[in-house]
Amino acid sequence: MMSTSSPPNHFLPNWGLACCLLLLGSVVVAMPTRRDLQRRKVLQDQEMSLWVGGSGEGLNDREKLVDKLIVEEKKRLITSARLNKAPFPPRDNFFLSRAEMETTTAFKVIREMPKGGVLHVHDEAITSIDWVVKNVTYRPNCYMCVDASYNVEFHFFSIPPKNTDCTWRLVSEYRQRSEDAEAFDQRLHANLTLLAASRDVHAAYPNSDAAWEEFTAYFRKIEGLMLYAPVFQDYLYEGLRQFREDGVQYLEIRALLPQVYELDGKTHDKATVLGIYKKVINQFVADFPDFTGARIINIAVRFKEKSLMLEDIKQAAALYQSDPGFMVGFDLVGHEDPLNPLSYYFEELQYPSQQNPPIQLPYFFHAGETNWEGTAVDYNLLDAILLGTKRIGHGYALLKHPVLMEKAKEMNIAVELNPISNQILKLVDDLRNHPGAVLIANGFPVVISSDDPVVWGALPLTHDFYVTFMTMMGADMGLATLKKLALNSLEYSALSQTEKQTAIQSWRLKWDSFIRNTIQKYDLEHLFPVG
């Protein structure tokens, strides 16, 4: 009987092409020839040239120092986890791994990195819950009610309504009665975020439906706070400040253009709300001239009847015509699995293009945020492309559609990857298995975004960039890919060509400063001496 023993473990990792011949119970290992190694190098180089950033502009000598710093750490962590069964936090659920991630040098470097723009983020989830609790809930006339099921709602009133399902009381009164203001604020914080630290993440969210149920509840809670007109403006301004602080210079914000209300109950229409967005953003750019700005993508939720959706599309088209440089397009949002697919609204979504003359309304569709292959939801990807989408939001299911994948790449339709969102909402548990890894390895036009970062306590963009670097980019993939991803966020934006050139020029100045500061901070010229 022939032996099935394996060659020594220390040998195979060093010689990927070693040929093992089993002869008479012994193992004979054929050493790779020079030609074998040359062919191996050719294939490896061909693969590397396809990477996002692999065939673009190379790194200069100073950038290579920063690249070496973060790539060597990544390789150490991977090797330790693979061979020694050590922890590898980025593969675990974000709620469990965040603290450990933040201790790494790569995380600290990426946090300081200028990341360009965020092209997929929702307006009601851009400003930290810490700020909401410590600022908004301390304001006069802020009320809350707790119903029999312990669901919490918030609202600002001059005089609260009576005869409702729960009794409205001032938050300040609840806080005072608690006798421990800090503990009370912590409970508010836990109630607004998707998961309290004390809960078991896997038990709390066994599947996507459970995660989406609590995710949707967040928006019901936050709207009563942020849609109060004075808070609405401050919330947006503070959100822009937090994104800028995290290395972001430009945003495209998905916005429902909701009914912002005054203390007397008066509400504002969509055109007025769009004007408030523009006023606040312009003020922020005036205060911080290095910030490129923000644009609005109007959204509607995909549960509406067709007639109501048509009215939303007509309104969006009118708003776009009135200010195409600011309100840049339209999208449908919501949990794709149970809600209406794009095909349900196909006729309504074609309304702008079927007018004479055609009405311009760019589309930026959420599509493919599902694990159900071959369903109407899955084919949102097909319909998004047929309807002329400029980008695809999430595109998680794209790998299951090779023709659509090829078509999207041919048409230069970028995919907005939101890795942590996909993990929290239970599309994928281990981010090493995220389809974005294949897109990045194939040089697909992708951008990294954060979707709703404050709901799960993430930074505006750093955590998503970090998990992309650690789990969705190969061990050798480093700063060149991160650099290209940052540039992609500006190149695939809805900015005009002139605005893009200006934004990229501003980004390059920030990038050069980041490289200088990182080299100095970590003394890289001494750590990695040339020669």
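Each chain carries its own residue numbering, running from 1 in the written order of its sequence. Local features in this predicted model are restricted to residues of pLDDT 70 or higher, and side-chain atom pairs are both shown and tallied only at a pLDDT of 80 or more, whereas totals for entire chains, interfaces and linings draw on every residue. Excluding hydrogens and water, the side-chain values take into account all heavy atoms of the structure.

Caption draft 1: Just the overall build of the chain, in detail. Regarding its fold elements, the chain presents 21 helices and 13 strands. Here the globule rule is a power law, 2.2 Å times the number of residues to the power 0.38, and the radius of gyration is based on C-alpha atoms. What you see for the chain is a C-alpha radius of gyration of 25 Å, in line with the 24 Å of a compact globule of 531 residues. For the chain, the spread of C-alpha atoms along the three principal axes comes to 90 × 65 × 55 Å. Note on classification: 1.4 Å probe, protein chains only; a residue is buried when its accessible area is under 20% of the maximum for its type, exposed when over 50%, partly exposed between these limits. Here the chain holds 531 residues, and 50% of them are scored as buried. Summing over all exposed atoms, the chain offers an accessible surface of approximately 25000 Å²; the carbon and sulfur share of this is 52%. The distance from the centre of the 54 positive side-chain charges to the centre of the 66 negative ones in the chain is 5 Å. Helix and strand assignments follow DSSP, with helices taken as H or I runs no shorter than four residues and strands as E runs no shorter than two, numbered in order from the N terminus. For the accessible areas, the method is Shrake-Rupley and the probe is 1.4 Å, while residue cover comes only from the protein chains on display. In this charge count, Lys and Arg are treated as positive and Asp and Glu as negative; neither His nor the chain ends contribute. Every charge is mapped to an atom, namely NZ of Lys, CZ of Arg, CG of Asp or CD of Glu.

Caption draft 2: Molecular detail of the sheet that holds strand β8 (residues 293–301). As summarised here, the arrangement of the 4 strands in space is β3-β7-β8-β9, forming an open sheet in which the pairing is parallel. Two strands in the sheet have a free side with no partner beyond their single neighbour: β3 (116–122) and β9 (327–333). Adjacent strand axes in the sheet meet at a mean angle of 25° when their direction is disregarded. Strand pairing follows a simple DSSP-based rule, namely that at least 2 bridges must link the two strands. Here 6 bridges tie strand β7 (residues 248–255) to β8, and the two strands are oriented parallel to one another. Following the sheet pairing, Ala255 is matched in β8 by Asn298. On the sheet, helix α11 (residues 270–287) packs against β7, β8 and β9 and is oriented at approximately 155° with respect to β8. Where helix α19 (residues 479–491) meets the sheet, it contacts β3 and β7, and its direction lies at approximately 65° from that of β3. In this analysis, axes come from line fits to C-alpha atoms, helices being fitted only over the stretch in contact, and the angle between any two N-to-C directions falls in the range 0 to 180 degrees. Note on definitions: a residue-residue contact is assigned when non-hydrogen atoms from the two residues lie within 4.5 Å.

Caption draft 3: Region of interest: helix α10 (residues 229–245). For a helix, the expected span equals 1.5 Å multiplied by the residue count minus one. The terminal C-alpha atoms of α10 lie 25 Å apart, and with 17 residues this matches the ideal 24 Å at 1.5 Å per residue to within 8%. Three or more residues of α10 are buried, namely Ala229, Val231, Phe232, Tyr235, Leu236, Glu238, Gly239, Leu240, Gln242 and Phe243. Just beyond α10, the residue with positive phi is Gly247, at close to 90°.

Caption draft 4: Spotlight on the state of the cysteines. When two cysteine sulfur atoms are found within 2.5 Å, that pair is recorded as a disulfide. With the rule as written, the count across this model stands at 1 disulfide. With its sulfur 2.3 Å from that of its partner, Cys145 forms a disulfide with Cys166. With Cys145 in strand β4 (residues 142–146) and Cys166 in the loop between β5 (152–156) and β6 (169–170), the pair connects residues that are 21 residues apart, well separated along the chain. What makes Cys145 buried here is its relative accessible area of 2%.

Caption draft 5: A look at the confidence of the model for the chain. A residue's pLDDT is simply how confident the predictor is in it, with values from 0 to 100. Of the residues in the chain, 93% have a pLDDT of 70 or more, and the chain-wide mean is 91. Predicted confidence is poor over residues 1–26, with pLDDT under 50, and the contacts of this stretch with residues over four places away or in other chains come to 29 contacts.

Caption draft 6: Spotlight on the nonpolar core. We define a nonpolar core as any set of buried Ala, Val, Leu, Ile, Met, Phe, Trp, Tyr and Cys residues linked to one another through side-chain atoms lying within 4.5 Å. Among the nonpolar cores identified, the biggest contains 153 residues, and Phe330 and Leu349 are the most heavily contacted of them. For this core, the element with the most residues is helix α9 (residues 208–226), which contributes 8 residues. Beyond its immediate stretch of four places on either side in the chain, Leu349 contacts Ile313, Phe330, Leu332, Leu342, Tyr363, Phe365 and Leu387. Within the second largest apolar cluster, 5 residues are counted, among which are Tyr143, Phe157, Cys166 and Trp168.

Caption draft 7: Highlighting the side chain of Glu73. Here Glu73 lies in helix α2 (residues 61–84). From its side chain, Glu73 meets the backbone nitrogen of Thr105 in a polar contact 3.0 Å long. When residues no more than four places from it in sequence are discounted, the contact partners of Glu73 are Thr104, Thr105 and Ala106. We define a polar contact as two N or O atoms separated by no more than 3.5 Å, with the added condition that, inside protein, one atom must be a possible hydrogen donor and the other a possible acceptor, whereas residues neighbouring each other in sequence contribute only through side-chain atom pairs.

Caption draft 8: Structural view of the pairing of β8. Counting buried residues along β8, 8 of its 9 residues qualify, which places the element largely inside the surrounding structure. Relative to β9, β8 is paired through 6 bridges, and the arrangement is parallel. Within the sheet, the bridge partner assigned to Ala300 lies in β9 and is Leu332. Clockwise travel from the first strand over the helix to the second, with the strands pointing away from the viewer, marks a crossover as right-handed. As for the winding sense of the linkage, the β-α-β connection from β8 through helix α12 (residues 306–322) to β9 is right-handed.

Caption draft 9: Focus on the pairing of strand β12 (residues 414–417). Burial along β12 is two-sided: Ala414 and Glu416 and Val415 and Leu417, pointing in opposite directions, are all buried. Bridge count for strand β11 (residues 391–394) against β12 is 3 bridges, and the pairing is parallel. Residue pairing across strands places Arg391 opposite Ala414, the latter belonging to β12. Looking at chain direction, β12 and strand β13 (residues 446–448) are connected through 3 bridges and run parallel. Bridging from a neighbouring strand, Glu416 pairs with Val447 of β13.

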